[in-house]
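Results of the structural survey
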Amino acid sequence: MRSGRRALNMIKYLILMLTFMCVVIEIIQIVVGAVLHRLFATYTVFIDNDFVRATHFLIAVGIVLVFLSIFGFAGIIFENVIMIFLYSGMFGLMVILEIILASAAFSMYTRVDSMLTRRMNIVIQQFFSDSFMRASFNHMQNEMNCCGIQSYADWANFHPERDLPNSCCRRVDDGCMPHERGCHAPMSDFIGSRIHMIATGTVIIIVFQVICIVTAIIMGARLSKYKQQLRAAGMSPGPVTAPEPIMTEKPKY
């Protein structure tokens, strides 16, 4: 009986440590999702809606998993078998959702180039007619130190009667000297690296969470068996056994 209790305690402390690490990882996931959402919102005219929704999903899953980990933490501390198995089951469902997110992120990573080409063509065509499109394209050219889509020659193709916008120019002292590189390549690297970070980061988190789930199931099974043995021996199945009384006889005065 004592050896069973020692083994159970080892599993208990291990899963408590893993669950605490899970909480930390999920908080990091929420922060990363919020940062990526802000970055994507800056270039919203160049990005499809599902890219932005991926950051929303990342944040939402992180928040749910933080509360779920706290629930599991309580179940483990109080050695409640039902809470531990509920924690494992709900955690498993969330892992399935994260697998879907990782798969979607890898899929999005493969179509970043085609998305940017399509969206950039739309924005550059409406550059002089839409103030929001103009501000977005100017911001991108200033931040990325680039001009046009593939090169500054794109401006002559789309707007032959117009001069280059100031955001294209490296120097304007003796006329506009445009940036030689286009904006497609740096934007593709920028967006693609963030999407790849979501995909690979989610996979790493999933692996760690599966370890947490397996450990919780093992503890739940061992705890259930241990409590059955205590009941068979006529002992209390609670997490802490009642202390023996210090005095066995009534004091005599």
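If you're wondering where the values come from, they're calculated on a predicted model, not measured in any experiment. (Residues numbered from 1 in each chain as written. Predicted model: local features only at pLDDT ≥ 70, side-chain atom pairs only at ≥ 80, totals over all residues. Heavy atoms only, no water.)

Turning our attention to the environment of Ile 82. By secondary structure assignment, the location of Ile 82 is in helix α3 (residues 81-110). A relative accessible area of 62% means that Ile 82 is categorised as exposed. (Helix = DSSP H or I, 4+ residues; strand = E, 2+ residues; numbered from the N terminus. Buried < 20%, exposed > 50% of the residue type's maximum accessible area, 1.4 Å probe, protein only.)

This paragraph deals with the packing of α3 against helix α7 (residues 184-232). It is at 8 Å that the axes of α3 and α7 come closest, and there the two elements cross at 160°. Overall, the two elements α3 and α7 adopt an arrangement that is roughly antiparallel. The chirality of how α3 crosses α7 is left-handed. Taken together, the residues of the contact of α3 with α7 sort by class into 27 nonpolar, 9 polar and 2 charged. (Axes fitted to C-alpha atoms, helices over the stretch in contact; angles between N-to-C directions. Parallel < 35°, antiparallel > 145°, perpendicular 65-115°, else oblique. Left-handed = near helix turned anticlockwise from the far one by under 90°. Nonpolar A, V, L, I, M, F, W, Y, C, P; charged D, E, K, R; others polar.)

What follows covers a nonpolar patch on the surface. There is a patch of nonpolar side chains on the surface, built from Leu 14, Met 17, Phe 20, Met 21, Val 24, Ile 28, Val 32 and Met 197 and spanning about 690 Å² of accessible area. Note on placement: Met 17 falls in helix α1 (residues 2-42). (Patch = residues over 30% accessible without salt bridge, like charges linked within 9 Å, V, L, I, M, F, W, Y side chains within 5 Å. Areas by Shrake-Rupley, 256 points an atom, 1.4 Å probe, with all protein chains shown as cover. Salt bridge = Lys/Arg side-chain N within 4 Å of Asp/Glu carboxyl O.)

Counting 36 residues, the largest nonpolar core has Phe 46, Met 140, Met 187 and Ile 191 as its most contacted members. If you look at the next biggest cluster of nonpolar residues, it comprises 25 residues, including Leu 68, Val 81, Cys 212 and Met 219. (Core = buried A, V, L, I, M, F, W, Y, C linked by side-chain atoms within 4.5 Å.)

Let's shift gears to the confidence of the model for the chain. Looking at the chain as a whole, the pLDDT averages 86, with 91% of positions reaching at least 70. Counting interchain partners and residues more than four positions distant, the pLDDT-below-50 stretch residues 240-253 has 0 contacts. (pLDDT = per-residue confidence, 0-100. Contact = heavy atoms within 4.5 Å.)

Okay, the UniProt feature "transmembrane region" (unreviewed entry) in the chain next. UniProt annotation of "transmembrane region" (unreviewed entry) refers to residues 12-36, 56-78, 85-109 and 195-221 when read in the numbering used here. Helix makes up 96% of residues 56-78 and strand 0%. Its end C-alpha atoms lie 34 Å apart. Along residues 85-109, the helical share is 100% and the strand share 0%, with 36 Å between the first and last C-alpha atoms. (UniProt positions renumbered as here; feature names shortened; annotations may be inferred.)

What follows is about unusual backbone geometry. Of note, Glu 79 is a non-glycine position whose phi angle comes to about 55°, a positive value. Relative to the assigned elements, Glu 79 resides in the loop between α2 (49-77) and α3. Here Glu 79 falls in the buried class, since its relative accessible area comes to 2%. Although it is not a glycine, Asn 145 sits at a positive phi angle of roughly 50°. On the secondary structure map, Asn 145 appears in the loop between α5 (131-144) and α6 (153-158). Residue class for Asn 145 comes out partly exposed when judged on its relative accessible area of 43%.

The next thing to look at is the pattern of salt bridges. Overall, the coordinates contain 5 salt bridges when judged by the stated rule. The partner of Lys 12 in a salt bridge is Glu 79, and the shortest N-O contact between them spans 3.1 Å. One end of the pair, Lys 12, is in helix α1; the other, Glu 79, is in the loop between α2 and α3, with 67 residues separating them in the sequence. You can call Lys 12 buried: its relative accessible area is 12%. The residue Asp 48 makes a salt bridge to Arg 119 at a minimum N-O spacing of 3.5 Å. Taken together, the positions of Asp 48 in the loop between α1 and α2 and Arg 119 in helix α4 (residues 112-125) put the pair 71 residues apart, joining distant regions of the chain. On the accessibility criterion, Asp 48 (11% relative accessible area) is buried. Taking relative accessible area as the criterion, Arg 119 reaches 22% and is therefore assigned partly exposed.

Take the side chain of Ser 88 next. Mapping Ser 88 onto the fold places it in helix α3. Setting aside residues up to four positions removed in sequence, Ser 88 forms contacts with Ile 213, Ala 216 and Ile 217.

Okay, the state of the cysteines next. Applying the stated criterion across every chain yields a total of 3 disulfides. With its sulfur 2.0 Å from that of its partner, Cys 147 forms a disulfide with Cys 168. Torsion about the S-S bond of the Cys 147 and Cys 168 cystine: about 90°, corresponding to right-handed handedness. Taken as a pair, Cys 147 in the loop between α5 and α6 and Cys 168 in the loop between α6 and β1 (169-171) lie far apart in primary sequence, 21 residues in all. When sorted by exposure, Cys 147 lands in the same class as Cys 168, which is buried. Between the sulfur atoms of Cys 169 and its disulfide mate Cys 176 the distance is 1.9 Å. Between Cys 169 and Cys 176 the sulfur-sulfur dihedral comes to about -105°; the bridge is accordingly left-handed. Using a relative accessible area of 35% as the deciding quantity, one classes Cys 176 as partly exposed. (Disulfide = S-S within 2.5 Å.)

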